[in-house]
Amino acid sequence: AFIPLGPGIYYVKCSTDMTTKASYRLRLKALGDQDFARRATAKNMGPLTGTKKIYTGTAGRNDRNDWFRFTINGRRDSTLTLKNLTGDLNLQLCNAAGNVLNASTNGGTTTDQILRQLNAGTYYARVLVPAGTLVTTIVNYTLELSALPV
């Protein structure tokens, strides 16, 4: 069964009534947002309109990137904000081919933000651990995306 849990240390206890001999196989798997680690498997945030799209996630040693796909319908003033950081992460705005259009690389837990006028099309926001950074803990973040007509 899938049980959503927050960050932490968890224990599993397996027991028997000791009157019968039992054999079993136990499999545990931590499911995080690592499936967004490549542009091809980006989380689809849908079209950006006047309403903010918000995603709360984590990045760290084994999960150094999270990709988010969104669309723009018509020319719009777009805002990408990476906030509530518990460590250093960067934010990139990329085109449909994955080429970086803008980046925000504020250090530490300072909010990163990209403001850009975008034409209709498909774009990606990428949340990533800065190159060369040794990550020993999980970094929490909130990503907000929005776009208003020009």
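Let me begin by describing the structure that accompanies this report. (Residues numbered from 1 in each chain as written. Predicted model: local features only at pLDDT ≥ 70, side-chain atom pairs only at ≥ 80, totals over all residues. Heavy atoms only, no water.)

One open sheet holds the four strands; their spatial order is 2-9-4-7, and the pairing between them is antiparallel. With one partner strand each, in any of the chains shown, strand 2 (53–59) and strand 7 (112–118) form the two edges of the open sheet. Each strand of the sheet is rotated relative to its neighbour by a mean of 15 degrees, with strand direction disregarded. (Pairing = 2+ DSSP bridges. Helix = DSSP H or I, 4+ residues; strand = E, 2+ residues; numbered from the N terminus. Axes fitted to C-alpha atoms, helices over the stretch in contact; angles between N-to-C directions.)

It is worth spelling out the pairing of strand 8 (residues 121–128) at this point. The buried fraction of strand 8 amounts to six of the eight residues, a majority that puts the element mostly inside the structure. As judged from the five bridges shared by strand 5 (residues 90–94) and strand 8, these two strands associate in the antiparallel manner. Within the sheet, the bridge partner assigned to glutamine 92 lies in strand 8 and is arginine 126. (Buried < 20%, exposed > 50% of the residue type's maximum accessible area, 1.4 Å probe, protein only.)

A few words on the nonpolar core. Grouped together as the largest cluster of nonpolar side chains are 26 residues, with contacts concentrated most on Phe70, Leu89 and Tyr141. For this core, the secondary-structure elements that each account for two or more residues are strand 2, strand 3 (65–72), strand 4 (76–83), strand 5, strand 7, strand 8 and strand 9 (139–149). Here this core gets five residues from one element, more than from any other, and that element is strand 9. In this structure phenylalanine 70 touches Met45, Gly46, Leu48, Leu80, Leu93, Leu118, Gly121, Thr122, Tyr123, Tyr124, Ala125 and Leu145, once residues within four positions along its chain are discounted. (Core = buried A, V, L, I, M, F, W, Y, C linked by side-chain atoms within 4.5 Å. Contact = heavy atoms within 4.5 Å.)

Counted according to the given criterion, the structure contains six aromatic pairs. Measuring from centroid to centroid gives 6.2 Å for phenylalanine 36 and phenylalanine 68, while their planes differ by 45 degrees, and the two rings are tilted. Of this pair, phenylalanine 36 sits in the segment before strand 1 (43–47) while phenylalanine 68 sits in strand 3, and the two are 32 residues apart along the sequence. Taken as a pair, phenylalanine 36 and phenylalanine 68 share a single burial class, namely buried. Here phenylalanine 70 and tyrosine 123 contribute two aromatic rings whose centre-to-centre distance is 6.1 Å and whose plane-to-plane angle is 25 degrees, an arrangement assigned as stacked. Linking phenylalanine 70 in strand 3 with tyrosine 123 in strand 8, this pair joins segments that are 53 residues apart in sequence. By the burial criterion, phenylalanine 70 is buried, and tyrosine 123 matches it. Taken together, Phe36, Tyr55, Phe68 and Tyr141 form an aromatic cluster joined through their ring pairs. Between arginine 39 and the ring centre of tyrosine 124, over which it is positioned, the NZ or CZ distance is 5.7 Å. (Phe/Tyr/Trp six-rings, centres within 6.5 Å; stacked < 30°, edge-to-face > 60°. Lys NZ or Arg CZ within 6 Å of the ring centre and 35° of its normal.)

Let us look at the sheet that holds strand 6 (residues 100–104). Reading across the sheet, the five strands line up as 1-3-8-5-6 and stay open at both edges, with mixed pairing between neighbours. Only two strands of the sheet have a single partner each, and these edge strands are strand 1 and strand 6. Direction aside, neighbouring strands of the sheet carry axes that sit 20 degrees apart on average.

Time to look at the pattern of salt bridges. The final tally for this structure, using the stated rule, is two salt bridges. A salt bridge links lysine 52 to glutamate 144; the shortest N-O distance between them is 3.3 Å. Of this pair, lysine 52 sits in the loop between strand 1 and strand 2 while glutamate 144 sits in strand 9, and the two are 92 residues apart along the sequence. What makes lysine 52 partly exposed here is its relative accessible area of 48%. (Salt bridge = Lys/Arg side-chain N within 4 Å of Asp/Glu carboxyl O.)

Coordinates in, geometry out; function isn't part of it.
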